[in-house]
Amino acid sequence: MNKLSDRVNRLGYSQTFVMSNKAREMKASGIDVISLTLGEPDFDVPDNIKQAAFDAINENYSHYSPVPGFLELREAIAYKLKRDNNLEYKPSQICVSNGAKQAIINVLAAIINDGDEVILPNPYWVSYDEMVKMMGGNSVMLPTSYVTDFKITAEQLEEAITDKTKAVLFSSPCNPSGGYYTYDELKSIAKVVAKYPHVTIISDEIYEYINYETKTTSIAQFPEVYEQTAVINGMSKAFAMTGWRIGYSACPEWLAKACEKVQGQMTSGANTVAQRASIVALKTDPSEYKYMIDAFKVRRDLVYDLMKEIPGFKVVLPKAAFYFFPDISHYIGKTLDGVEIKDSDDFAMFILENAHVGCVGGVSFGSPECIRFSYAASEEDLREAMKRMKDLLDKFN
């Protein structure tokens, strides 16, 4: 007798954590592994944010907050959305959650019925498809490639929308590709979605600040889809607050109330100390934290130059976030040192076991021909990781 539910049995484990755990195990056994698996800034939380947390503890913010978050934090989020994105949201339209991941789950739980379809442009963040499964929905994948900078077109999207479509879920800037949709591209997508009022856009903008070219556009800026859009963001990436678990959604009133209802029955309000610290982070001018983005850009340029020299890698220069997502289809179907490479997961494991460099295969991102590397690591480690992979793969070319 299987005691687990069918719903749980349908879920897979996060390949990101599978590979990072494997890298940790190898390192614990004495192997010199360089892990470029996790999407986590390697900076410490800025001092003014830490001080705000100390102040919150001393001021006894140790009791439950309102389910959607402290009013002062929701006001700070509304201020940030206006300042940085030219978006008008009232605090009542904002729900603060335990990370941006829960914010997405809240929205999906609020709108998805069994059998509903959610469109996912490939590649997508590993958890999107699993979240859709958890809610009883079905994912509809739209393929892209490095040739199109891993982006769909409005025409592709329109062809995929049916009566069963309930949502379009994507990240811009994108994890794992490091690309983002331009103003004109989002405008075209918005025009399509506006024709279908039964479709909700879930726009994951967690990497918004880590952009090396220009400010990113939120699709919620287009009036025709404002009432159809849930904006997802949080504190993890730009403020190096991954462990503080503060994310949020900004939605039309009908959806915000539904998210609050879902969260009220799951976790209630998010960590109170982290909420108070987030108020300070959001009210601070973003330029105060730009040193992290500047460092990421230096590392990006370094890795790009080195990765182009690795045989069999087709590399696109990422414009945002802190990932590379090279196409390694050159190796798929080959046998390397007696190991059959059926897909990029096999290739990622081969790299880990033979070059001692941890990365994540692209199968769980919806792109089995690619692998993801995080460059949120020291320049020394990045140089060594690229050298190890080049030295290994030179043998097979």
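Residues numbered from 1 in each chain as written. Predicted model: local features only at pLDDT ≥ 70, side-chain atom pairs only at ≥ 80, totals over all residues. Heavy atoms only, no water.

- For the chain, an unreviewed UniProt entry supplies the name Aminotransferase and the organism Chryseobacterium ginsengisoli.
- A UniProt comment under Sequence similarities (unreviewed entry) is attached to the chain, and it reads "Belongs to the class-I pyridoxal-phosphate-dependent aminotransferase family."
- Listed in UniProt under the heading Cofactor (unreviewed entry), the comment for the chain reads: "pyridoxal 5'-phosphate". (UniProt positions renumbered as here; feature names shortened; annotations may be inferred.)

## Regarding the side chain of asparagine 233
Inference 1: With respect to the helices, strands and loops of the structure, asparagine 233 is situated in strand E7 (residues 229-234).
Inference 2: With relative accessibility at 4%, the residue asparagine 233 sits in the buried group.
Inference 3: Within the local environment of asparagine 233, its side chain forms a polar contact with the side chain of glutamate 208, the two groups lying 3.0 Å apart.
Inference 4: Excluding anything up to four places from it in sequence, asparagine 233 contacts Lys80, Ala100, Glu205, Ile206, Glu208, Gly247 and Tyr248. (Helix = DSSP H or I, 4+ residues; strand = E, 2+ residues; numbered from the N terminus. Buried < 20%, exposed > 50% of the residue type's maximum accessible area, 1.4 Å probe, protein only. Polar contact = N/O pair within 3.5 Å; in protein donor to acceptor, adjacent residues only side chain to side chain. Contact = heavy atoms within 4.5 Å.)

## Some thoughts on the packing of helix H2 (residues 15-28) against helix H12 (residues 344-355)
Inference 1: The contact between H2 and H12 brings their axes to 11 Å, and the two run at 15°. Comparing their axes, H12 and H2 come out roughly parallel. As for the relative orientation of H2 and H12, their crossing is right-handed in sense. For the pair formed by H2 and H12, the contact residues are Gln15, Met19, Lys22, Ala23 and Met26 on the first element and Asp345, Ala348, Met349, Leu352 and Glu353 on the second.
Inference 2: For the contact of H2 with H12, a count of residues per class yields 6 nonpolar, 1 polar and 3 charged. (Axes fitted to C-alpha atoms, helices over the stretch in contact; angles between N-to-C directions. Parallel < 35°, antiparallel > 145°, perpendicular 65-115°, else oblique. Left-handed = near helix turned anticlockwise from the far one by under 90°. Nonpolar A, V, L, I, M, F, W, Y, C, P; charged D, E, K, R; others polar.)

## Comments concerning the UniProt feature "domain: Aminotransferase class I/classII large" (unreviewed entry) in the chain
Inference 1: Under the UniProt annotation, "domain: Aminotransferase class I/classII large" (unreviewed entry) lies at residues 32-388.
Inference 2: As a span, residues 32-388 carries 37% helix and 15% strand, and end to end its C-alpha atoms are 11 Å apart.

## Things to note about the side chain of aspartate 116
Inference 1: Looking at where aspartate 116 falls in the secondary structure, it is placed in the loop between helix H5 (100-111) and strand E3 (117-121).
Inference 2: Side-chain polar atoms of aspartate 116 contact the side chain of lysine 166, separated by 3.2 Å.
Inference 3: Residue contacts for aspartate 116: discarding those within four places in its chain leaves Ile111, Gly137, Asn138, Lys164 and Lys166.

## Observations regarding the nonpolar core
Inference 1: Among the nonpolar cores identified, the biggest contains 112 residues, and Phe313 and Phe347 are the most heavily contacted of them.
Inference 2: With 7 residues, the top contributor of residues to this core is H5.
Inference 3: The next biggest cluster of nonpolar side chains, apart from the first, holds 20 residues, and it includes Ala190, Val193, Ile201 and Phe222. (Core = buried A, V, L, I, M, F, W, Y, C linked by side-chain atoms within 4.5 Å.)

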